[in-house]
Every structure is written in structure tokens, then in C-alpha cells.
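Breakdown of the fold
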Amino acid sequence: MTAERLLRSHRIDDPDRFRLDSFRCDDTDEIDGDKDDIKAMLARDIEKLADLQKRLYAQNRWAVLVVLQGMDTAGKDGVITHVMGGVNPQGCEVHPFKAPTDHELEHSFLRRPALVLPERGHIGIFNRSYYEEVLVVRVHPELLKRQKLPPQLIGRSVWKERFEDIRAFERHLARNGTLILKFFLHVSKEEQRRRLLDRLEEPDKRWKFDMNDIAERKFWPKYMAAYQDVVRATSRPHAPWYVVPADHKWFARLVVARALVQALDRLDLSYPIVGAGALKEMRKVKRALRAERRR
């Protein structure tokens, strides 16, 4: 299967017709192969990504923002480790978005991401993101009270207005040279149950377990409805959402890697061209360095 065909089935290009229940969490797009074959496919994509990231860094014109969203245990950390682990850490930053601090709640919800956006030549990864404001806060609207908003601004249109703000924010970023890719790692409730059990049963995974993960399972239908609205309202050509089946970790990582490779490749990245004058000076330096060896 070609990369374009694979990604087309998961990139949301027609958000008005998007229905989350039409996406299977255990889908693998009929990709067959043993573990060694799959590892080889991912390794090739990571190698391509590493080369493109070098060009991105050297060219220093574009920034790349990767947004990872998903329910607990969906595999966000694994994607960061296994997909981004091959790029130069000098040009890549990861920012986890946990519950906002009291100081952060004194400001607009878009201030926090604005402070940690990737600079030109860099890849920024948001492990969760500003989308928590229309996911967790929407499922738990009582959290709005902590944000100290004027009461008259919290009405039935608050979520629609936040979607408008997010679209404007992402449109501004895109117009100023930031490539935006957003991934919803779509894990099933049953697979999450198995992964939570793994965390309880394996000593080296217990540190990841959080009792809040169990409490949030009760709100699963509300979260799925919220994710559907998020994708419908904010998947745009300049900031597309990819709905990535995440019950099979290897497949989720493969989709993310291929989406990144394809998007970066389309930027036509290249190393800066050295001018004639500078090249002449470099030749002189090269001759001098070689001459040192003969002394």
C-alpha cells in the first residue's frame, strides 16, 4: 500500500461528513507482514524522517508542530519514543500538557501553547495540547469555574467560540510558516482495559498507573462525542487531523511516521547553497588544512 493511500484513509479531508464510529480502532489497512518486516518498514520511515529533519534544521524557514491526542494508554509516549527517537534532539522539543497551574489559569487558554511553539527549523511535539480545553474541560464543565472567566462569557456557545479561537490560532501559525499535523490516537475501551491491567501487573509499568484513568473510563461516550466534534470543527487543509487506529501500537507508529515524512517531503526542504565567494574561501581553508598534515 502506498503512503498516500494509507494516509488518505486516516486524514480527515471532509470534516463535515466525519463520523468517529466509522473508524475501527483495530484497523491495520490490510498491511501484512511479520514483526521483522514491520520493524523494517518503520525503520525506513524513521531514516527518511531523520534526513528531512536535518534539512528542516539547516534551511531554518519552516517550523513543524505535531499534536498528539488520545485517551490514556493510547500510545502517545510510544509514538514519541519510537517515531521521533531517530531525529536529532537538538532540533526537536516535546511539551507535555498536564493540568494547568494556577498561574496558567490566570491567562487565556491559548497562552500556554503560544509560549512553547517550535521555532523555525525545529519540530515541536505537544503530548496533549490546547485541545484539552475542548475535551477534558467539555466533559467536565465544572473545570471552567477554575478559569475565572466572567460569567456572562460562559454560555451555550462557549465551545463553538473556542473552536473558532483554535481555528484562528492555527491559521495564524500556518500563515507564518508552521506546518501543523494533528493525530488522534484512537484506542478502544477494551484495549485500554488490557493496557491498564498490564500497568498493574508489570512492576516496571506500575509507575504509569493513575487512579484517575479508571474514573475517566466512565465518561468514555462523552469523550468520543467530544473528539468527534473536535475533528469536525478543526480539521482543515493547513492543520489536518489524522484519526489513527491505535489498538495495534506498531500500526499507529507507522501511520504517524509516514504522515510526517510525506508532509515534510512536500516542503521541498534543501540545504542552504553556499555562495561563490564563501565557496572560494572554503577552498583556501581546505588547502591550508591539508597542508598542515604534510608539515
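Because the structure is a prediction, the values reported are computed rather than measured. (Residues numbered from 1 in each chain as written. Predicted model: local features only at pLDDT ≥ 70, side-chain atom pairs only at ≥ 80, totals over all residues. Heavy atoms only, no water.)

Assigned secondary structure in the chain consists of eleven helices and five strands. Across its three principal directions, the C-alpha atoms of the chain cover 75 × 50 × 40 Å. Buried residues in the chain amount to 46% of all 295 residues. Partitioning the contacts of the chain with sequence separation of at least 6, the portion at a separation of at least 24 is 82%. Total accessible area on the chain is roughly 16700 Å²; 51% of this is exposed by carbon and sulfur atoms. Distance from the positive charge centre (56 side chains) to the negative charge centre (45 side chains) of the chain: 6 Å. (Helix = DSSP H or I, 4+ residues; strand = E, 2+ residues; numbered from the N terminus. Buried < 20%, exposed > 50% of the residue type's maximum accessible area, 1.4 Å probe, protein only. Contact = heavy atoms within 4.5 Å. Areas by Shrake-Rupley, 256 points an atom, 1.4 Å probe, with all protein chains shown as cover. Lys, Arg positive; Asp, Glu negative; His and termini not counted. Charge placed at Lys NZ, Arg CZ, Asp CG, Glu CD.)

This next bit is on the pairing of strand β5 (residues 241–245). Across the five residues of β5, five count as buried, placing the element largely inside the fold. Where strand β4 (residues 178–186) lies against β5, five bridges are found, and the strand directions are parallel. Its bridge partner lying in β5, Lys182 is registered against Trp241. (Pairing = 2+ DSSP bridges.)

Attention shifts here to the side chain of Glu170. For Glu170, the location among the structural elements is in helix α6 (residues 158–175). With residues up to four places along the chain from it excluded, the contact list for Glu170 reads Tyr130, Tyr131, Ile180, Lys182, Thr234, His238 and Ala239.

So, on to the packing of α6 against helix α9 (residues 220–234). At a closest axis distance of 10 Å, the pairing of α6 and α9 adopts a crossing angle of 45 degrees. Compared by their axis directions, α6 and α9 come out oblique. Pair α6 / α9 crosses with right-handed handedness. Here Phe163, Ile166, Arg167 and Glu170 of α6 lie close against α9, whose contacting residues are Asp229, Val230, Ala233 and Thr234. Taken together, the residues that form the contact of α6 with α9 break down as four nonpolar, one polar and three charged. (Axes fitted to C-alpha atoms, helices over the stretch in contact; angles between N-to-C directions. Parallel < 35°, antiparallel > 145°, perpendicular 65-115°, else oblique. Left-handed = near helix turned anticlockwise from the far one by under 90°. Nonpolar A, V, L, I, M, F, W, Y, C, P; charged D, E, K, R; others polar.)

Right, let's get into the layout of surface pockets. It is a probe the size of a water molecule, rolled over the atoms, that shows where empty space is left. Taken as a whole, the largest pocket holds about 1300 Å³ of empty space. Lining the largest pocket are 43 residues, and of these Asp72, Thr73, Lys76, Arg128 and Asp213 sit closest to its centre. Those elements that provide at least two residues to the lining of the largest pocket are α3 (76–83), α5 (136–139), α7 (189–201), α8 (211–217), α9 and α10 (249–265). Computed from the structure, the second largest pocket encloses a volume of approximately 410 Å³. Of all the elements in the fold, those that place two or more residues in the lining of the second largest pocket are α4 (111–115) and α6. Sort the elements by how many residues they give to the lining of the second largest pocket and α6 lands first, with four residues. (1 Å grid on protein atoms, 1.4 Å probe; cavity = no way out; pocket = protein on both sides within 12 Å on 5 of 7 lines; lining within 4 Å. Points joined across faces, edges and corners; volume = space filled by probe spheres on them.)

Scanning the model with the defined rule gives nine aromatic pairs in all. Grouping aromatic residues by their ring pairs yields a cluster made of Phe97, Phe126, Tyr130, Tyr131, Phe169 and Trp241. (Phe/Tyr/Trp six-rings, centres within 6.5 Å; stacked < 30°, edge-to-face > 60°.)

Before going further, it helps to examine the sheet that holds β5. The parallel open sheet is built from five strands, whose spatial order is β2-β3-β1-β4-β5. Where the open sheet ends on each side, the last strands, each with one partner, are β2 (92–96) and β5. On average, each strand axis in the sheet is inclined to that of its neighbour by 20 degrees, with strand direction left out of account. In terms of strand pairing, strand β1 (residues 63–70) meets β4 through eight bridges, oriented parallel. Bridge pairing links Leu65 to Ile180 in β4.

Another aspect to go through is α3. Taken together, the buried positions of α3 are Lys76, Gly78, Val79, Ile80 and Val83. Against α2 (35–59), β1, β2, β3 (123–127), β4 and α10 lie the buried residues of α3.

In this section: the pattern of salt bridges. Side chains bearing opposite charge may pair, as long as their charged atoms lie close to each other. Per the stated rule, a full pass over the model turns up 20 salt bridges. Notably, a salt bridge pairs Lys284 with Glu281, separated by 3.7 Å at the nearest N-O pair. With Lys284 and Glu281 both in helix α11 (residues 276–294) and three residues apart, this pair spans about one turn of that helix. Judged by relative accessible area, which is 45%, Glu281 ranks as partly exposed. What emerges from the salt-bridge pattern is a single network uniting Glu190, Glu191, Arg193, Arg194 and Arg195. (Salt bridge = Lys/Arg side-chain N within 4 Å of Asp/Glu carboxyl O.)

We now examine empty space enclosed by the protein. If you walk through the whole model with that rule in mind, you get one cavity of 30 Å³ or more. By volume, the largest cavity is sized at about 40 Å³. What lines the largest cavity is simply Ala74, Gly75, Val79, Ala246, Lys249, Ala252 and Arg253. Looking at which element gives the most residues to the lining of the largest cavity, the answer is α10, with three residues. By residue class, the composition of the lining of the largest cavity is four nonpolar, one polar and two charged.

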